[in-house]
Amino acid sequence: MHFFKMRKSLRLTLITGVSSLLLFFILNFIFPLKVDVSYSSMVLSKEGNLMQAFLSRDDKWRMKCSLKDVPPELAKAFIYKEDRFFYYHPGVNPFAMVRAAFNNVVFRKRTSGASTITMQVIRLLEPRRRTVINKIIESLRAVQLEVKYSKDEILALYFDLVPYGGNVEGVQAASWIYFGQKALLLSNAQMATLVVIPNKPTSLKPGRNNSLLQQQRNKWLNRFYEKTLITKNQLEDALTEPLQVKRNKLPSVAPHLSTLIHLKNPELPSVQTTIRSNMQSQVEQI
């Protein structure tokens, strides 16, 4: 009798699983996920330095970057803070969602962390009001994104879209606008600053309330140290680094050539030239 009950239970589980997969693929076919991101156009020097940048079609500073353009420490910090199980879930973390729902209902306490990085990417691609129905749609879309793209591609997309206040989006644009350099050259303190801003891009906007921003930066630097993401020496150096951050003008090297290249290639996220940026600047000064 026990054997037949087990067979019946397994059969029911199998039918439920197959039905769920079939339903997902039907919905995926009827409502396909379209990822259409408009990027700023970047003109780069021979060394890969930014010479000039132009706003995206929707008037955003949103510079495309791959994971090799981002320090590994920055990626680890984002994953630790936003979605520690990013590489293990299928787009949705059911345990985090149950915990958040429990705290919301029982303790009347809103819990962060229920949205995975994949779900955040969907929210940035398709902004919706925060409702239960929209949360379900967001979760389904997240699974679609996981089916269509690899984890590294989703993470790179997140780094392109994460908000930094005003019309600044993505870690590469934020690095240039707020720190005057590409993301690969960021210090540990600067990386921690970029990690904390997206949760409150308005109140923590650089240049608006730097003292509060520095408090948040230092709080998370200590957490990163506790989780061995940075060493003790790196922590001490980062904590003593002053937060002198404001919105800077982007580089403007060989502006006439850069504009011509942009007009001929308006949809390309970046074009690398044979211009040596240091030599070009010296010639212009002479």
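Note that the structure is a prediction, hence the values are computed from the model and not measured. (Residues numbered from 1 in each chain as written. Predicted model: local features only at pLDDT ≥ 70, side-chain atom pairs only at ≥ 80, totals over all residues. Heavy atoms only, no water.)

A look at empty space enclosed by the protein
No. 1: A full pass over the atoms with the stated rule returns 1 cavity of 30 Å³ or more.
No. 2: As for the largest cavity, its lining consists of E73, A77, N188, M191, A192, L221, F224, L229 and I230.
No. 3: When contributions to the lining of the largest cavity are tallied by element, the ones reaching two or more residues are α2 (72–82), α8 (188–196) and α9 (210–226).
No. 4: For the lining of the largest cavity, the element with the highest residue contribution is α8, accounting for 3 residues.
No. 5: A per-class count over the lining of the largest cavity returns 7 nonpolar, 1 polar and 1 charged. (1 Å grid on protein atoms, 1.4 Å probe; cavity = no way out; pocket = protein on both sides within 12 Å on 5 of 7 lines; lining within 4 Å. Points joined across faces, edges and corners; volume = space filled by probe spheres on them. Helix = DSSP H or I, 4+ residues; strand = E, 2+ residues; numbered from the N terminus. Nonpolar A, V, L, I, M, F, W, Y, C, P; charged D, E, K, R; others polar.)

Considerations on unusual backbone geometry
No. 1: Look at T228: it is not a glycine, yet its phi comes out positive at around 60 degrees.
No. 2: By the element assignment, T228 lies in the loop between α9 and α10 (232–240).
No. 3: Even without being glycine, A254 reaches a positive phi, approximately 50 degrees.
No. 4: Inspection of the secondary structure puts A254 in the loop between α10 and α11 (255–264).

Remarks on the environment of D58
No. 1: Position of D58 relative to the elements: it lies in the loop between β2 (50–54) and β3 (61–62).
No. 2: The class for D58 is partly exposed, based on a relative accessible area of 37%.
No. 3: Remark: the alpha-carbon pair of D58 and N167, spanning 109 residues in sequence, is separated by 9.3 Å.
No. 4: A polar atom in the side chain of D58 sits 3.0 Å from the side chain of R62. (Buried < 20%, exposed > 50% of the residue type's maximum accessible area, 1.4 Å probe, protein only. Polar contact = N/O pair within 3.5 Å; in protein donor to acceptor, adjacent residues only side chain to side chain.)

Describing the sheet that holds β2
No. 1: With respect to topology, 3 strands assemble into an open sheet ordered β2-β1-β5, the strand pairing being mixed. Strands with a single pairing partner mark the edges of an open sheet, and in this sheet they are β2 and β5 (270–272). Sheet twist, expressed as the average angle between the axes of neighbouring strands with direction ignored, equals 15 degrees.
No. 2: Its contacts with the sheet place α11 against β1 (41–44), β2 and β5, and it is angled at close to 50 degrees to β2. (Pairing = 2+ DSSP bridges. Axes fitted to C-alpha atoms, helices over the stretch in contact; angles between N-to-C directions. Contact = heavy atoms within 4.5 Å.)

Things to note about the packing of aromatic side chains
No. 1: Applying the stated criterion across every chain, the model contains 7 aromatic pairs.
No. 2: Summarising the aromatic geometry, the rings of Y80 and F224 are spaced 6.1 Å apart at their centres and angled 75 degrees between planes, so their arrangement reads as edge-to-face. Of this pair, Y80 sits in helix α2 while F224 sits in helix α9, and the two are 144 residues apart along the sequence.
No. 3: According to the relative accessible area criterion, Y80 is buried, its value standing at 14%.
No. 4: For the ring pair F86 and Y87, a centre distance of 4.9 Å and an interplane angle of 75 degrees mean the geometry is edge-to-face.
No. 5: Residue F86 is classed as buried on the basis of its relative accessible area of 0%.
No. 6: Taken together, the ring pairs in this structure connect F78, Y158 and F159 into an aromatic cluster. (Phe/Tyr/Trp six-rings, centres within 6.5 Å; stacked < 30°, edge-to-face > 60°.)

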